[in-house]
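What follows is each chain in one-letter form.
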Amino acid sequence: GEQTPEDRAFQARIDRGEKIEPKDWMPEGYRKTLIRQIGQHAHSEIVGQLPEGNWITRAPTLERKQILLAKVQDEAGHGLYLYSAAETLGVSRDELFEKLHSGAMKYSSIFNYPTLTWADMGAIGWLVDGAAIMNQVPLQRTSYGPYSRAMIRICKEESFHQRQGYSIMMKMAGGTPEQKEMAQDALNRFWYPSLMMFGPSDKDSVHSAQSMAWKIKINTNDELRQKFVDETVPQAEYLGLTVPDPDLAWNAGRGHYDFTEPDWTEFFDVLKGNGPCNEERLGARVKAWEDGAWFREGLSAHAEKAAARRLA
Ligand code: FAQ
């Protein structure tokens, strides 16, 4: 639409590298885009607890169980920081939950895939947290103050998560032939879904141009996907595992790996709700919300009584 003097002054602040804070004036589109992105990011952390939560009771050792439990708790914490950051934009946590549960807001496509073996805990830490960090390190410089500050702490914890995943992969890939096969199978199943985490290819990314102008996003989806491939392929080689892409090849001219794009039909299908676990994941969140209703009501009733007593 038409640029007002306020819009131009706002863009100038962004261009100078200033942080925008909750009480500052901002265009409605900026606010809406942030609520969408931060809210979906928060939902991803919360729904992202489910695939790994599936393995806490079956971790192979007490030490691995403690580490996985800590990681899944961190994800709850990340969700809570992010919901708090979104709340500074004038949306309530209840509204965000309502939009998640009704399907009006998304969460990352990756969490609609099942976790079939212990090696999947390795692949998730290595690849999924690896992709998450690749996307979130630049977001520490995002223009919205509360979001950028949340990212600083989240990135520190994500790098621990990534290393614990790689440590599982090292153990499995260096183990018995059966364990190595489980590690390879996990890589085979998580490779393309991890590439999809960066979003559609740039030509299909509807939000990138405006989000980058506002520095809500720092890089395009394809830039980050390429960086992820370039950093991850040598890590797979070190493990003695094969990336499931026959056309993967180092391109000396470009200084990057050439690789096969994920199946975008599958990606858009998962976004529409048709992935292998969409129903199970959303169902688990809706059930948790409904099962917690008595407790929320109890808390509110208690708060009202306590307030009434103070007035009396
Ligand atoms: N899944 O125009 P664009 C984690 C949607 S990390 C689902 O390119 P945008 C940590 C997109 O929303 C994962 N939907 O969109 C963890 C839009 O639809 P809408 C979370 C996707 O926003 C690890 C449409 O497609 N990280 O959870 C996906 O400019 C392990 C068009 O796309 C973040 O959220 C997808 N993969 O770029 C936890 C990071 N990709 O909203 C547990 C912050 C795209 O109009 C275990 N977010 N869509 O209905 C971002 O950087 C951006 O939002 C992108 C997408 C890059 C994800």
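Refer to the structure printed above.
Residues numbered from 1 in each chain as written. Predicted model: local features only at pLDDT ≥ 70, side-chain atom pairs only at ≥ 80, totals over all residues. Heavy atoms only, no water.

### Section: the site of the ligand
Around the ligand, 35 residues are found, and the nearest of them are K106, S205, H207, K217 and N221. R36 has a polar side-chain atom sitting 3.0 Å from an oxygen atom of the ligand. Measuring from a nitrogen atom of the ligand, one finds a backbone N or O atom of S109 at 2.9 Å. Coverage of the ligand by the protein chains reaches 91% of its 1,100 Å² of free accessible surface. Looking at the shell around the ligand, the elements that each hand over two or more residues are α2 (28-47), α4 (62-87), α6 (119-139), α7 (145-173) and α11 (264-274). Its residues placed into classes, the shell around the ligand shows 13 nonpolar, 13 polar and nine charged. (Near = heavy atom within 4 Å. Polar contact = N/O pair within 3.5 Å; in protein donor to acceptor, adjacent residues only side chain to side chain. Areas by Shrake-Rupley, 256 points an atom, 1.4 Å probe, with all protein chains shown as cover. Helix = DSSP H or I, 4+ residues; strand = E, 2+ residues; numbered from the N terminus. Nonpolar A, V, L, I, M, F, W, Y, C, P; charged D, E, K, R; others polar.)

### Section: the packing of aromatic side chains
In total, this model carries 13 aromatic pairs according to the counting rule given. Taking the centre distance of 5.7 Å and the plane angle of 90° together, the rings of Y30 and W214 count as edge-to-face. With Y30 in helix α2 and W214 in the loop between α9 (208-213) and α10 (221-239), this residue pair connects regions lying 184 residues apart in the sequence. A single burial state applies to Y30 and to W214, both of which are buried. Here the aromatic cluster, defined as three or more aromatic residues joined through ring pairs, consists of F10, W25, Y30 and W214. (Phe/Tyr/Trp six-rings, centres within 6.5 Å; stacked < 30°, edge-to-face > 60°. Buried < 20%, exposed > 50% of the residue type's maximum accessible area, 1.4 Å probe, protein only.)

### A closer look at the nonpolar core
Formed by 43 residues in total, the largest nonpolar core has its most connected members in W118, W126, L127, W191 and F228. Breaking this core down by element, the ones donating at least two residues are α4, α6, α7, α8 (177-196) and α10. No other element matches the nine residues that α6 contributes to this core. Ranked by size, the runner-up nonpolar core spans 26 residues in total, among them I14, I35, I154 and W214. (Core = buried A, V, L, I, M, F, W, Y, C linked by side-chain atoms within 4.5 Å.)

### Digging into the pattern of salt bridges
All chains considered together, the criterion is met by 19 salt bridges. Of the charged contacts in the structure, one is a salt bridge between D269 and K272, with a shortest N-O distance of 3.8 Å. In this pair, D269 and K272 are both assigned in helix α11, three residues apart and thus about one turn of the helix distant. Judged by its relative accessible area of 31%, D269 is partly exposed. In this structure K272 comes out as exposed when scored by relative accessible area, which is 64%. Across the pair D291 and K287 runs a salt bridge whose closest N-O atoms are separated by 2.6 Å. Here K287 and D291 lie together in helix α12 (residues 278-291), a separation of four residues that amounts to about one turn. (Salt bridge = Lys/Arg side-chain N within 4 Å of Asp/Glu carboxyl O.)

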